[in-house]
Amino acid sequence: KCGICGLTYNGTHFTGKRGMYEGYYVCNGKTTYRGPYLGKCKSRNVPQEWIEDLVWSEIENFVKDPDSLLSKVETDKENDANSSSHSENEKEIIIKSLEQKEVEKQSILDLYRKKIITSKDVESQLNKISMESRDLEERIRHLDERMIDESLNRAKFENAIDLLKSLQNKIGNITWEEKREIIKLLVKRIEIKNDPGQDKADRNNVNISIEYTIPQVVNCTDTDSSRQSGIRGQE
């Protein structure tokens with residue numbers, strides 16, 4: 001993702017100095033005109049090989065020294081379990097409250113049959129109970145969604161950690177296709193940001209933020225992408 005305009009980077013290629021194709025990631029905001037006010041994004045193109053090597057290097061670090069990461073994952077799993085338990089308890093309380101609303105409805109109708117309250121009172125009270133019931137049902141829906149998300153996240157963490165452990169013995173001998181699948185599983189989001197108004201001497205410096213599906217964020221600030229193949233200009 002582009003840290004300037006928020007759009008997505010896509011892969012493309014340009015012809016290099018030696019007449020060979022060179023892969024780059026280019027922000028969609030540079031190729032899509034978004035009106036006279038916003039214009040086109042001024043982000044810089046990022047060399048494919050450079051950014052992919054950077055991400056893979058971080059993953060290798062996880063694999064070679066996973067202890068600190070494993071400790072953090074265990075802490076997060078415990079927090080998630082506590083959160084899930086709180087959600088379950090809250091859901092049980094809300095379900096009981098919903099059941100109580102049905103009792104309240106019957107009580108209102110009993111009062112009407114006994115001519116203690118008028119039909120207008122009945123309508124007002126039943127509307128109020130109905131609104132309260134909808135709010136409670138909506139809260140249950142949110143809790144269910146949260147618990148599903150937490151469950152999926154726990155499964156994703158477990159899969160990621162199992163993968164890291166399995167890679168320890170083969171990290172130096174895997175195919176490009178395997179690297180691709182590993183990155184797709186482990187990397188949630190990469191944000192690329194550079195200051196288009198910075199000095200020419202610093203124009204190749206970009207800020208890379210890599211967010212993983214495991215609870216870890218690696219910030220590579222002011223990373224010089226020109227060390228490999230250079231960043232193409234604003235074209």
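Before reading on, note that the structure itself is shown above.
Keep in mind it's a predicted model, so treat the numbers as computed, not measured.

**Here we look at the sheet that holds strand β3 (residues 46-47)**
Then, number 1: Strand order in this open sheet of three strands is β1-β2-β3, and the pairing throughout is antiparallel. Edge positions in the sheet fall to β1 (9-15) and β3, since each of these pairs with one other strand and no more.
Then, number 2: The sheet contact formed by strand β2 (residues 21-27) and β3 spans two bridges and is antiparallel. Looking across to β3, one finds that Y24 is bridged to P47.

**Remarks on the nonpolar core**
Then, number 1: The biggest cluster of nonpolar side chains holds 26 residues, and the ones touching the most others in it are W50, I59, I182, L186, I208 and Y212.
Then, number 2: Counting only elements with at least two residues in this core, the list comes to α2 (48-64), α4 (119-167), α5 (176-186), β4 (187-193) and β5 (205-212).
Then, number 3: In terms of residues, this core owes the most to one element, α2, which gives eight residues.
Then, number 4: Filtering out sequence-adjacent residues up to four positions away, I59 remains in contact with I182, I183, L186, V187 and Y212.
Then, number 5: I94, L98, L136 and L143 belong to the second largest nonpolar core, which has five residues in total.

**Topic: the packing of α2 against α5**
Then, number 1: Packing of α2 against α5 brings their axes to within 11 Å, and their N-to-C directions diverge by 75°. For the element pair α2 / α5, the angle class is roughly perpendicular. Together, V55, W56 and I59 of α2 and K179, I182, I183 and L186 of α5 make up the contact between the two elements.
Then, number 2: Here the contact of α2 with α5 is composed, by residue class, of six nonpolar, no polar and one charged.

**A closer look at the pairing of β2**
Then, number 1: In terms of strand pairing, β1 meets β2 through seven bridges, oriented antiparallel. Residue pairing for β2: G11 is matched across the bridge by Y25.
Then, number 2: Once β1 ends, the chain turns through five residues before running back antiparallel as β2, passing G19 with a positive phi of about 80°.

Reading the values: the criteria
Residues numbered from 1 in each chain as written. Predicted model: local features only at pLDDT ≥ 70, side-chain atom pairs only at ≥ 80, totals over all residues. Heavy atoms only, no water. Pairing = 2+ DSSP bridges. Helix = DSSP H or I, 4+ residues; strand = E, 2+ residues; numbered from the N terminus. Core = buried A, V, L, I, M, F, W, Y, C linked by side-chain atoms within 4.5 Å. Buried < 20%, exposed > 50% of the residue type's maximum accessible area, 1.4 Å probe, protein only. Contact = heavy atoms within 4.5 Å. Axes fitted to C-alpha atoms, helices over the stretch in contact; angles between N-to-C directions. Parallel < 35°, antiparallel > 145°, perpendicular 65-115°, else oblique. Nonpolar A, V, L, I, M, F, W, Y, C, P; charged D, E, K, R; others polar.

Spatial relationships are all this shows, so hold off on functional conclusions.
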